[in-house]
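The residues making up each chain are set out below.
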Amino acid sequence: MKRFFLSLFWIGLIFIAITSCDNKRVFEDYQKIQGMVWNKDSVFTFEFNVTSSMINHNLYVNVRNKINYSYSNLWMFVEIVDPNGLATKDTFEITLAEPSGKWLGEGFGGIKTSQVIFRRNVVFNETGNYKVKIQQGMRDENLEGISDIGFRVEKN
């Protein structure tokens, strides 16, 4: 029995070591969509701080969807607001399933997680607090089956 707990301890320690080594991550956060129904007027805002204007960054949009989500893609409006209040807005599509219907994200138990590159090699010209606002751009007033929206910034 002692051997079992010792093995369990080492497995847990290795798991923590592997999952905590994310040296590239500058920011990552998820926000839960209440009732898994995303209204077209709901905007999710993420705030992060940029400390250097000399580093390239990759930006990702993260989506968690139920496998009963009605579509194979998700259109979004993504707005980035710099510390001076200057905003740039893009329309962005994430493909969540193959044409055959096979889900592309990772996960099990009815929820798939997709992390898709939004922009590569971004240099933030200003240091300070940035905001990213994400709004669904599908035709449905209330989009069902999306459970969480996330945003990630990493050093390139």
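Going along each chain's sequence as written, the residues are numbered from 1 onward. The model is predicted, so local features are restricted to residues of pLDDT at least 70 and side-chain atom pairs to those at 80 or more, both for listing and for counting; the totals for chains, interfaces and linings are taken over all residues. Computation of side-chain values covers all heavy atoms of the structure but excludes hydrogens and water.

Enquirer: Can you help me understand the side chain of Asp 82 in this one?
Expert: Each helix is a run of DSSP H or I of at least 4 residues and each strand a run of E of at least 2, with the numbering of both proceeding from the N terminus. Checked against the element boundaries, Asp 82 lands in the loop between β5 (73-81) and β6 (87-95). Despite its burial, Asp 82 pairs with no opposite charge; the closest candidate is Arg 119, at 10 Å N-O. Here the side chain of Asp 82 touches Asn 84 through a polar contact of 2.9 Å, landing on its backbone nitrogen. Apart from residues no more than four positions distant in its own chain, Asp 82 is found in contact with Asn 129 and Tyr 130. Each residue gets one of three labels from its accessible area relative to the maximum for its type: buried under 20%, exposed over 50%, partly exposed in between, using a 1.4 Å probe on protein chains only. In this tally Asp and Glu are treated as negative and Lys and Arg as positive; neither His nor the chain ends contributes. Any carboxyl oxygen of Asp or Glu within 4 Å of a side-chain nitrogen of Lys or Arg constitutes a salt bridge here. Between N or O atoms, a polar contact is any pair within 3.5 Å; within protein, one atom must be a potential hydrogen donor and the other a potential acceptor, and residues adjacent in sequence are included only when both atoms are from side chains. Any two residues having at least one pair of non-hydrogen atoms within 4.5 Å are treated as being in contact.

Enquirer: Got a minute to help me understand the sheet that holds strand β10 (residues 146-155) in this structure?
Expert: Sheet strands pair by backbone hydrogen bonding; their relative direction is either parallel or antiparallel. Here the rule is simple: two strands pair whenever DSSP picks up at least two bridges between them. Strand order in the open sheet formed by four strands is β1-β10-β4-β7, and the pairing between neighbours is antiparallel. If you trace the sheet from one side to the other, it starts and ends with β1 (25-32) and β7 (111-123), each paired once. Taking the axes of each pair of neighbouring strands and ignoring which way they run, one obtains an average angle of 15° across the sheet. For strand β4 (residues 56-66) and β7, the ladder comprises 10 bridges, and the chain directions are antiparallel. Each bridged residue has a counterpart across the sheet, and for Tyr 60 the counterpart in β7 is Ile 117. Here an angle of 0 to 180 degrees is reported between the N-to-C directions of two axes, which are lines fitted to C-alpha atoms, with helices fitted over the stretch in contact.

Enquirer: Where do I start with the nonpolar core in this structure?
Expert: In a soluble, globular protein the nonpolar side chains are often hidden away together inside. Put simply, buried Ala, Val, Leu, Ile, Met, Phe, Trp, Tyr and Cys residues joined by side-chain atoms within 4.5 Å make one nonpolar core. Judged by nonpolar contacts, the single largest core of 32 residues is most densely connected at Trp 38, Val 61, Leu 74, Met 76, Ile 134, Ile 146 and Phe 151. Counting residues per element, the ones that place at least two in this core are β3 (43-50), β4, β5, β6, β7, β8 (128-136) and β10. Leave out the neighbours within four places in its chain, and Ile 134 touches Trp 38, Ser 42, Val 43, Phe 44, Phe 46, Val 61, Met 76, Phe 77, Val 78, Ile 149, Gly 150 and Phe 151.

Enquirer: Could you clarify how one ought to interpret the pattern of salt bridges in this entry?
Expert: A side chain with one charge may pair with a side chain of the opposite charge, provided their charged atoms come close. Within the structure shown, the criterion is met by six salt bridges. Between Arg 25 and Glu 28 there is a salt bridge, and its shortest N-O distance comes to 3.6 Å. Residue classification places Arg 25 among the partly exposed residues on the basis of a relative accessible area of 41%. By sharing partners, the salt bridges in this structure join Arg 25, Glu 28, Arg 152 and Glu 154 into a single network.

Enquirer: Can you walk me through the environment of Asp 140 in this structure?
Expert: With respect to the helices and strands, the residue Asp 140 is situated in the loop between β8 and β9 (142-144). A C-alpha to C-alpha distance of 9.2 Å links Asp 140 and Trp 38, two positions 102 residues apart in sequence. Residues in contact with Asp 140, not counting those within four places in the same chain, are Lys 40 and Tyr 71.

Taken by themselves, the reported measurements are silent on function.
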